[in-house]
Amino acid sequence: QVQLVESGGGLVQAEGSLRLSCAASGHTFSSYVMGWFRQAPGKEREFVAYINRSGSSTYYADSVKGRFTISRDNAKNTVYLQLNSLKPEDTAVYYCAAAQRYNLVLIATDYSYWGQGTQVTVSS
């Protein structure tokens, strides 16, 4: 089992940047693929980014491709999401999630463990 705690959210102006972190406790962090999701008020939770166990492979939603970067440091049991060129429509609660899988995981229900979320608000 793994516990996840996100941090780094906040209020930022459009075109600004933030770096979200997700610290994992428990053992064998490197055995989990990791994902970031977000949920805006009144909307369903949506996939943002994925990274495989080693960090060698990533995948992004079209809406964030070229602006967001996911990375991980297995020695620190942490996954990151760098958010650049932020837009007001990026405003949401951002969640990290873990799945003990080998393949690309894009669906929220395929992730077993979730953090509590961190709020990102982008003003225009």
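Scroll up to find the structure this text is about.
Parameters and conventions
- Residues numbered from 1 in each chain as written.
- Predicted model: local features only at pLDDT ≥ 70, side-chain atom pairs only at ≥ 80, totals over all residues.
- Heavy atoms only, no water.
- Helix = DSSP H or I, 4+ residues; strand = E, 2+ residues; numbered from the N terminus.
- Rg over C-alpha atoms; globule rule 2.2 N^0.38 Å.
- Buried < 20%, exposed > 50% of the residue type's maximum accessible area, 1.4 Å probe, protein only.
- Contact = heavy atoms within 4.5 Å.
- Areas by Shrake-Rupley, 256 points an atom, 1.4 Å probe, with all protein chains shown as cover.
- Lys, Arg positive; Asp, Glu negative; His and termini not counted.
- Charge placed at Lys NZ, Arg CZ, Asp CG, Glu CD.
- Disulfide = S-S within 2.5 Å.
- Salt bridge = Lys/Arg side-chain N within 4 Å of Asp/Glu carboxyl O.
- Pairing = 2+ DSSP bridges.
- Axes fitted to C-alpha atoms, helices over the stretch in contact; angles between N-to-C directions.

**Student:** For the overall build of the protein, give the residues involved together with the corresponding values.
**Tutor:** Within the protein, the regular secondary structure consists of zero helices and eleven strands. For a compact globule of 124 residues, the expected C-alpha radius of gyration is about 14 Å, and the protein comes in at 13 Å, within 12% of that figure. Its C-alpha atoms put the protein at 40 × 25 × 25 Å along the principal axes. A total of 124 residues make up the protein; the buried ones form 44% of that total. Counted over contacts in the protein with a minimum sequence separation of 6, partners at least 24 positions apart contribute 59%. For the protein, the accessible area works out to roughly 6,200 Å², and carbon and sulfur atoms hold 48% of it. Averaging the coordinates of the 11 positive side-chain charges in the protein and doing the same for the 9 negative ones gives two points 5 Å apart.

**Student:** Describe in detail the state of the cysteines, supporting the description with residues and values.
**Tutor:** According to the stated counting rule, one finds one disulfide in the structure shown. Between the sulfur atoms of Cys22 and its disulfide mate Cys96 the distance is 2.0 Å. Between Cys22 and Cys96 the sulfur-sulfur dihedral comes to about 50°; the bridge is accordingly right-handed. Of this pair, Cys22 sits in strand β3 (residues 18-26) while Cys96 sits in strand β9 (residues 92-99), placing them 74 residues apart in sequence. Since its relative accessible area comes to 0%, Cys22 is described here as buried.

**Student:** Lay out the pattern of salt bridges with the relevant residues and their values.
**Tutor:** All told, the structure shown has five salt bridges when counted by the stated rule. Residue Asp62 is joined to Lys65 by a salt bridge in which the shortest nitrogen-to-oxygen separation is 3.1 Å. Its relative accessible area of 49% is what places Lys65 among the partly exposed residues. Its salt-bridge partner being Asp90, residue Arg67 comes within 2.7 Å of it at the nearest N-O pair. One end of the pair, Arg67, is in the loop between β6 (58-60) and β7 (68-73); the other, Asp90, is in the loop between β8 (78-83) and β9, with 23 residues separating them in the sequence.

**Student:** Pulling in residues and values, what's your account of the sheet that holds strand β1 (residues 2-7)?
**Tutor:** Either a parallel or an antiparallel arrangement is found when strands of a sheet pair, and the pairing is made through backbone hydrogen bonds. Reading across from one edge, β1-β3-β8-β7 is the order of the four strands in this open sheet, with antiparallel pairing throughout. Each edge of the sheet is formed by a strand with only one pairing partner; in this case those strands are β1 and β7. Each strand axis lies, on average, 15° off the axis of its neighbour in the sheet, ignoring direction. Sheet analysis places β3 next to β8, joined by six bridges and oriented antiparallel. Residue pairing for β8: Ser21 is matched across the bridge by Tyr80.

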